Amino acid sequence: MSLELKHLTHTYSAGSAFESVAIKDVSLTIEDGEFVCIVGHTGSGKSTLVQHFNGLLKPTSGQVLVDGEDMNGKDVDKRRIRQKVGLVFQYPEYQLFEETVAKDIAFGPKNLGLAPEEIDRRVRRAMELVHLDYDKYAERSPFELSGGQMRRVAIAGVLAMEPKVLVLDEPAAGLDPHGRDRILNMIRDLHSQGGVTVVMVSHSMDDCARLATQMVVMSKGELVTTGTPREIFAQQDMMASIGLGVPQAALLCLKLREKGIDLPPDLYTTEEVSRYLLTMWKEASRC
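Residues numbered from 1 in each chain as written. Predicted model: local features only at pLDDT ≥ 70, side-chain atom pairs only at ≥ 80, totals over all residues. Heavy atoms only, no water.

### Section: the sheet that holds strand S2 (residues 20–30)
Part 1: Ordered by their spatial adjacency, four strands build an open sheet running S2-S1-S4-S5, and the pairing between neighbours is antiparallel. The open sheet terminates on both sides in strands that have one partner only, identified here as S2 and strand S5 (69–70).
Part 2: Where strand S1 (residues 3–12) and S2 come together, seven bridges link them in antiparallel fashion. Pairing of Thr11 across the sheet is with Val21, part of S2. (Pairing = 2+ DSSP bridges. Helix = DSSP H or I, 4+ residues; strand = E, 2+ residues; numbered from the N terminus.)

This is the structure:
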């Protein structure tokens, strides 16, 4: 399932003294099966952009197409389209409200009018996808869980709607290092094993380097460029010009080049740098 933006513009408080253009003429296509990271400095329009993906915001001008269907077209069943695109806000655990984990996850499917057996199946599957054991957690209060576990429950509630695309706005924000790893590894598994297209807003270039198949770079409401992580992180000067960094491994390579060590220009992950340096060391040892 594809998502396509055509000349999307969004203006807050249009026509008033507080008018502010958050997104300017953005055109973008996200293909089925991709893991897309959207990056940009604070205020670049990332969060506003993704809120158009399931119709939470309506464009001031332009189109949002879901499988070729205009999300905001006349007589379009927006509720049906929204079921295809699940949106997870920052700190989604603040939206938990039911007395048990299972009831909270079941809230969306229940509102669809599904049969109890189908609701139960979806709840169990969603909990499995977020690595929460049903027998252990289903009847517990979500408010007794850790912050990371609460966030996984909130994400499970979106997954229980069985969306084709999962959109996450800073999903690891505010978590400790262990919680971050659990959430990000879970999202990676959803993409690689669960068959879900993922769109993730992130400030972490290292997370994007490790997870993304494609990247979208935003600045001041405009789309600067798109490409693979390798293509994006090879443009260190461009990233610096809009206030963005590159992964730590790419910075290490830059420092090593300054010391006269000849390294390829497109190394950007710790694993790649480690393998390349190990190969160099073995070759030097044989000389």
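We are not done yet, so read on.
### As for the side chain of His52
Part 1: Residue placement: His52 occurs in the loop between helix H1 (46–50) and strand S4 (61–66).
Part 2: In this structure His52 comes out as buried when scored by relative accessible area, which is 0%. (Buried < 20%, exposed > 50% of the residue type's maximum accessible area, 1.4 Å probe, protein only.)

### Observations concerning helix H6 (residues 147–159)
Part 1: With 13 residues, H6 extends 18 Å between its outermost C-alpha atoms, agreeing within 8% with the 18 Å of an ideal straight helix rising 1.5 Å per residue.
Part 2: H6 sits mainly inside the fold: twelve of its 13 residues count as buried.
Part 3: Next to the buried residues of H6 lie strand S6 (85–88), helix H3 (101–111), helix H4 (116–129), helix H5 (134–137), strand S7 (165–169) and helix H7 (177–192). (Expected span 1.5 Å × (residues − 1). Contact = heavy atoms within 4.5 Å.)

### Some details on the packing of aromatic side chains
Any two aromatic rings considered together are summarised by their centre-to-centre distance and by the angle between their planes.
Part 1: The tally for this structure, following the rule as stated, stands at three aromatic pairs.
Part 2: With a centroid separation of 5.0 Å and an interplanar angle of 85°, the aromatic rings of Phe97 and Phe107 are classed as edge-to-face. Residue Phe97 is found in the loop between S6 and H3, and its partner Phe107 is found in helix H3; the two are separated by ten residues along the sequence.
Part 3: Using a relative accessible area of 37% as the deciding quantity, one classes Phe107 as partly exposed.
Part 4: On the basis of an interplanar angle of 45° and a centroid distance of 5.7 Å, the ring pair of Phe233 and Tyr268 is categorised as tilted. (Phe/Tyr/Trp six-rings, centres within 6.5 Å; stacked < 30°, edge-to-face > 60°.)

### Quick word on the packing of helix H11 (residues 248–258) against helix H12 (residues 270–286)
Part 1: Put simply, H11 and H12 touch, their axes get as near as 8 Å, and they point 35° apart. Of the residues in H12, those in contact with Ala249, Leu252, Cys253 and Leu256 of H11 are Thr270, Val273 and Leu277.
Part 2: In the contact of H11 with H12, the residues fall into six nonpolar, one polar and no charged. (Axes fitted to C-alpha atoms, helices over the stretch in contact; angles between N-to-C directions. Nonpolar A, V, L, I, M, F, W, Y, C, P; charged D, E, K, R; others polar.)

### A word on the nonpolar core
One recurring pattern in soluble globular proteins is that nonpolar side chains are buried together.
Part 1: Within the largest apolar cluster, 55 residues are counted, with the highest numbers of intra-cluster contacts made by Ile105, Phe233 and Met239.
Part 2: Per element, the largest residue contribution to this core is seven residues, and it comes from H6.
Part 3: Counting 26 residues, the second largest nonpolar core, distinct from the first, contains Leu3, Leu8, Ile30 and Val36. (Core = buried A, V, L, I, M, F, W, Y, C linked by side-chain atoms within 4.5 Å.)

### Describing the sheet that holds strand S3 (residues 35–39)
Each strand in a sheet pairs with its neighbour through backbone hydrogen bonds, running either in the same direction (parallel) or in the opposite one (antiparallel).
Part 1: Spatially, six strands are ordered S6-S7-S8-S3-S9-S10 in an open sheet, and the strand pairing comes out mixed. Strand pairing shows two members of the sheet lacking a second neighbour, S6 and strand S10 (222–227), which therefore form its edges. Neighbour-to-neighbour, the strand axes of the sheet open up by a mean angle of 15°, direction not taken into account.
Part 2: As paired elements, S3 and strand S8 (residues 197–201) share four bridges and run parallel to each other. The residue of S8 that forms the bridge with Cys37 is Met200.

### Section: H7
Part 1: Between the first and last C-alpha of H7 there are 22 Å, a value that for 16 residues agrees with the 22 Å anticipated at 1.5 Å per step.
Part 2: Taken residue by residue, H7 has Gly179, Ile183, Leu184, Met186, Ile187, Asp189, Leu190 and His191 as its buried positions.
Part 3: Along its buried surface, H7 packs onto S3, H4, H6, S7, S8 and helix H8 (205–211).

### As for the packing of H3 against H4
Part 1: Closest axis-to-axis distance for the H3/H4 pair is 9 Å, and the angle between their directions is 120°. On the basis of the axis angle, H3 is oblique to H4. In this structure, the crossing between H3 and H4 has a hand that is right-handed. Contact with H3, carried on its side by Val101, Ala102, Ile105, Ala106, Pro109 and Lys110, involves Ile119, Arg122, Val123, Ala126 and Met127 of H4 and no other residues of that element.
Part 2: Of the residues in the contact of H3 with H4, the class split is nine nonpolar, no polar and two charged. (Parallel < 35°, antiparallel > 145°, perpendicular 65-115°, else oblique. Left-handed = near helix turned anticlockwise from the far one by under 90°.)

### Overview of the environment of Ala173
Part 1: Position of Ala173 relative to the elements: it lies in the loop between S7 and H7.
Part 2: On the basis of relative accessibility, which here comes to 14%, the residue Ala173 falls in the buried class.
Part 3: Considered as a pair, Ala173 and Cys253 are 80 residues apart in the sequence and their alpha carbons are 28 Å apart.
Part 4: Those residues in contact with Ala173 that sit more than four places away from it in its chain are Gln90, Tyr91 and Arg151.

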